[in-house]
Amino acid sequence: MTPVGIVAALVAFALGFAAARWRAQRTRAGSTRADPDRERSDGELAVLRRELEDMRGELGEIHSSVSHDLRSPIGAALNFLSVLEEDHGAQLDADGRMILARVRRSAESALTLLDGLARLARVGRKAMEPRRVDVDALVRAAFAAARPADRAVELTVVEPLPPVVGDPELLRIAFTELLANAIQFTAGREKASITVGARREDDTVEYWVADDGVGFDARFAGKLFRVFERLHSREEFPGAGAGLAVVRRVAERHGGRARAEAEPERGATFLLSLPARKEGAP
Amino acid sequence: MNRQPLLLLVDDNSDDVSIALRAIGRAGLLVEVQTRRNGREALEALHLYDGADGEPLRPRVIFLDLRMPQVDGFEVLRRLRRAAPTRDIPVVVISSSQRPEDVRRSYELGANSYLVKRIDPREPGAWLAEAARYWIQLNQHPE
């Protein structure tokens, strides 16, 4: 799909999605008003549900095309920038080299955004394969993989974390994103500390990941989980701004939710709650 | 005089081809590289398509893109493996697709390796030159 085709497909999809939502709302409003129509409304709802499922699949396709097909031309631009610098750099003055560096930064940032989009597409498309997941081992392994080599970051796990029934791969991705997020936003600390714990309520397990990093203004907590939303500039903290959207997507696919609590300069806590299902239960 | 081993690069993306040729040249590999812009041109060069003339190419290895106009990489693989003279030629799929279904299908159709096109602006195309070195210099080929 060409970039123009991708944009056209996205617009078409958004219009179709809005129309289906509007029709679903009308149908729902109709069915509460007039019970005799209920049977028809159920049928209509089934059709709409199918339509929405089709569209979800289509969105997944578009999502994956955008992240995949745009990567190649941006990658080519970056490659040829390197060729230009290596083979013809001597002919450029300082100003010309500075412009090249700016072009490179822009292309690299576009690529970072696409990588974020690709991560989000992957967790949206993966088939759910729920089984019992040893979250304690998973968190420790994810931390070992994400731990920075150039500064001290300490992980404390408050009591062994309880297991949960979920998709192991999706949960690994979510905890990796949560830990990477905590590591990133403690970047200014000489010695940073990340604490992970969990609390069990009747039918949920809520895992939390707390850091002593820069924190954020709690009024913006909801924004954080939207893709590409950032509360800090890219110069301060690089990255696509997709990590927490990935966490939210994983939570939603499990029927759970993700939220955040924080105060500026006093660290942040990210919470992932998942239904405490029994293995084999739907 | 012995001819240098031949690498056949099949890719419709002229940017990728240009970077690949530059990287192979810079790696100092003793290899002749021929390029074809789609599956049909590749099959013609290998005499697996109607209307071919001249001597068929017998490359040491084929680097094959998947998504190409007219005849795609999957079809090339299928025909290569069906014909006795080309059945054993190693094929390295080079694609920007990371989809598990593309990887699986490539191996099912007889690919010997699957490489995802990488973006490494510090050394553009170095990954491909490295793979070329392996298949041309290190790998043992059926005679």
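If you're wondering where the values come from, they're calculated on a predicted model, not measured in any experiment.

Details of the sheet that holds strand β1 (residues 6-10) of chain B
All names here are of chain B. If you walk across this open sheet you meet the 5 strands as β2-β1-β3-β4-β5, and the pairing is parallel. The sheet is open, and its two borders are formed by β2 (32-36) and β5 (113-116), each paired with just one other strand. Neighbour-to-neighbour, the strand axes of this sheet turn through a mean angle of 20°, independent of strand direction. Note: β1 against β2, 5 bridges, orientation parallel. In the strand pairing of β2, leucine 9 is matched with threonine 35. Its contacts with the sheet place helix α4 (residues 100-108) against β4 (91-95) and β5, and it is angled at close to 150° to β5.

Here we look at the confidence of the model for chain A
Close reading of the predicted structure is inappropriate where its pLDDT is low. In this model, chain A carries a mean pLDDT of 80, and residues with pLDDT of at least 70 account for 78%. Contacts of residues 27-34 of chain A to residues separated by more than four positions or lying in other chains number 5 contacts, the stretch itself having pLDDT below 50.

Things to note about the pairing of β4 of chain B
All names here are of chain B. The element β4 is largely enclosed, with a buried count of 5 among its 5 residues. Crossover strand β3 (residues 61-64) to β4 through helix α3 (residues 73-82) is right-handed. As judged from the 4 bridges shared by β4 and β5, these two strands associate in the parallel manner. Looking across to β5, one finds that serine 95 is bridged to valine 116. For the handedness criterion, the β-α-β arrangement of β4, α4 and β5 is classed as right-handed.

The rules behind the values
- Residues numbered from 1 in each chain as written.
- Chains lettered and ligands numbered in written order.
- Predicted model: local features only at pLDDT ≥ 70, side-chain atom pairs only at ≥ 80, totals over all residues.
- Heavy atoms only, no water.
- Pairing = 2+ DSSP bridges.
- Helix = DSSP H or I, 4+ residues; strand = E, 2+ residues; numbered from the N terminus.
- Axes fitted to C-alpha atoms, helices over the stretch in contact; angles between N-to-C directions.
- Contact = heavy atoms within 4.5 Å.
- pLDDT = per-residue confidence, 0-100.
- Buried < 20%, exposed > 50% of the residue type's maximum accessible area, 1.4 Å probe, protein only.
- Right-handed = clockwise from strand over helix to strand, strands pointing away.

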